[in-house]
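Inside the fold
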Amino acid sequence: MKRSAVVGIAAGSALAAVAVTGLAATATGIAQQAIVEQHNATPTDRSLIGPYGSTRSMNITEAGYLARMVAHDQEAVTAARQLRRSDRPEMRALGASIADRQGADIATMRAWLDKWYPGHSGTATGYQPMIRDLSELSGDALDNAFLLDMIPHHMAAVTMSQQLLMSGRAQHSETVGFATRVRDARHAEMFRMQRNLGHWFKGWSVPCRTGN
């Protein structure tokens, strides 16, 4: 079977699993669109898409990006704290890292919103959650659900950050540096989570990496 067909089957399985678990279609679409576009693009188109997803829809403002990322990261922090109950030390460490790092990022972004955009609520109107309620899960079910949801969650942050950078609509150098860090760090962490997902839960993977 050709690699493109295998990738298509894997992407379909992952997307179906995400849908069943209740992820919002609008939010999941950001991550899935980036994956599908990158796999299906010609070499010329791929140079325009880049490794982080499409940069064609670039209508995000700096204030909108920061507000959306506050809501996005708050959701991640809430979910990551549930990993305190994980049986795996690797997952407990991952949860603590995400909660600490993205918790600090939330405080920074809110401070920027207050300083640069006074009167802005600091919240994204109409934000659609991407992560299911993990409070009733434990053991393998908790770890599996967290990884399945957090991988596309990270991909959405990567894509939003890349879109802001490519649009040229970031008004402050601090935001440029922040978006660059979010894009690169979460891109790398996404693949680490994918490896753990494939190692611990055979048959479950999200096809984030592209091949030649």
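The structure displayed is predicted, hence computed values, not measured ones.

1. So, the overall build of the protein chain
- Helix and strand counts for the protein chain come out as seven helices and zero strands.
- Across the protein chain, helices and strands are ordered from the amino to the carboxyl terminus as α-α-α-α-α-α-α.
- Here the protein chain holds 212 residues, and the buried ones make up 48% of them.
- Put simply, 75% of the contacts in the protein chain that link residues at least 6 apart link residues at least 24 apart.
- Carbon and sulfur atoms make up 54% of the accessible area of the protein chain, which amounts to about 10200 Å² in all.

2. Notes on the nonpolar core
- Judged by nonpolar contacts, the single largest core of 45 residues is most densely connected at Tyr65, Phe146, Leu147 and Met150.
- For this core, the elements supplying multiple residues, two or more each, are α4 (62-81), α5 (89-116), α6 (139-167) and α7 (173-200).
- The greatest single-element share of this core, amounting to 12 residues, is contributed by α6.
- Excluding residues within four positions of it along the chain, Tyr65 makes contact with Ile60, Met160, Ser161, Leu164, Thr175, Phe178, Ala179 and Val182.

3. Digging into the packing of α4 against α7
- One can describe the packing of α4 onto α7 by two numbers: an axis separation of 12 Å at closest approach and a directional angle of 40°. Put simply, α4 runs oblique to α7. When the axes of α4 and α7 are compared, the crossing they make is left-handed. Here α4 contributes Glu62, Tyr65, Leu66, Met69, His72 and Asp73 to the contact with α7, which in turn contributes Thr175, Phe178, Ala179, Val182 and Arg186.
- For the contact of α4 with α7, the residue count by class is six nonpolar, two polar and three charged.

4. Some thoughts on the packing of aromatic side chains
- With the rule as written, the count across this model stands at three aromatic pairs.
- Ring centres of Tyr65 and Phe178 lie 6.5 Å apart, and the angle between their planes is 70°; on these two criteria the pair is classed as edge-to-face. A residue pair is termed long-range when its members are at least 10 positions apart, and Tyr65 in helix α4 and Phe178 in helix α7 qualify at 113 residues.
- When its relative accessible area of 0% is taken as the criterion, Tyr65 is described as buried.
- Arranged with centres 5.3 Å apart and planes meeting at 15°, the rings of Trp112 and Trp116 form a pair that is stacked. One end of the pair is Trp112 and the other is Trp116, both in helix α5 and four residues apart, which spans about a single turn.

5. A closer look at the side chain of Asp105
- Note on placement: Asp105 falls in helix α5.
- The contact partners of Asp105, leaving out residues within four places of it in the chain, are Asp73, Phe178, Arg181 and Arg186.

6. What to know about the pattern of salt bridges
- Taken as a whole and assessed by the stated rule, the structure comprises eight salt bridges.
- In this structure, Asp73 engages Arg186 in a salt bridge whose closest nitrogen and oxygen atoms are separated by 2.8 Å. Here Asp73, found in helix α4, pairs with Arg186, found in helix α7; they are 113 residues apart in sequence, far enough to count as distant. Comparing Asp73 with Arg186 shows no difference in burial state: the two are buried.
- Put simply, Arg181 and Asp105 hold a salt bridge, and the shortest N to O gap is 2.8 Å. Taken together, the residues span a long stretch of sequence, with Arg181 in helix α7 and Asp105 in helix α5 at a distance of 76 residues.
- In this structure Arg181 comes out as partly exposed when scored by relative accessible area, which is 37%.
- Residue classification places Asp105 among the buried positions, given a relative accessible area of 6%.
- Where salt bridges share partners, they join Asp73, Asp105, Arg181 and Arg186 into one cluster.

How each quantity is defined
Residues numbered from 1 in each chain as written. Predicted model: local features only at pLDDT ≥ 70, side-chain atom pairs only at ≥ 80, totals over all residues. Heavy atoms only, no water. Helix = DSSP H or I, 4+ residues; strand = E, 2+ residues; numbered from the N terminus. Buried < 20%, exposed > 50% of the residue type's maximum accessible area, 1.4 Å probe, protein only. Contact = heavy atoms within 4.5 Å. Areas by Shrake-Rupley, 256 points an atom, 1.4 Å probe, with all protein chains shown as cover. Core = buried A, V, L, I, M, F, W, Y, C linked by side-chain atoms within 4.5 Å. Axes fitted to C-alpha atoms, helices over the stretch in contact; angles between N-to-C directions. Parallel < 35°, antiparallel > 145°, perpendicular 65-115°, else oblique. Left-handed = near helix turned anticlockwise from the far one by under 90°. Nonpolar A, V, L, I, M, F, W, Y, C, P; charged D, E, K, R; others polar. Phe/Tyr/Trp six-rings, centres within 6.5 Å; stacked < 30°, edge-to-face > 60°. Salt bridge = Lys/Arg side-chain N within 4 Å of Asp/Glu carboxyl O.

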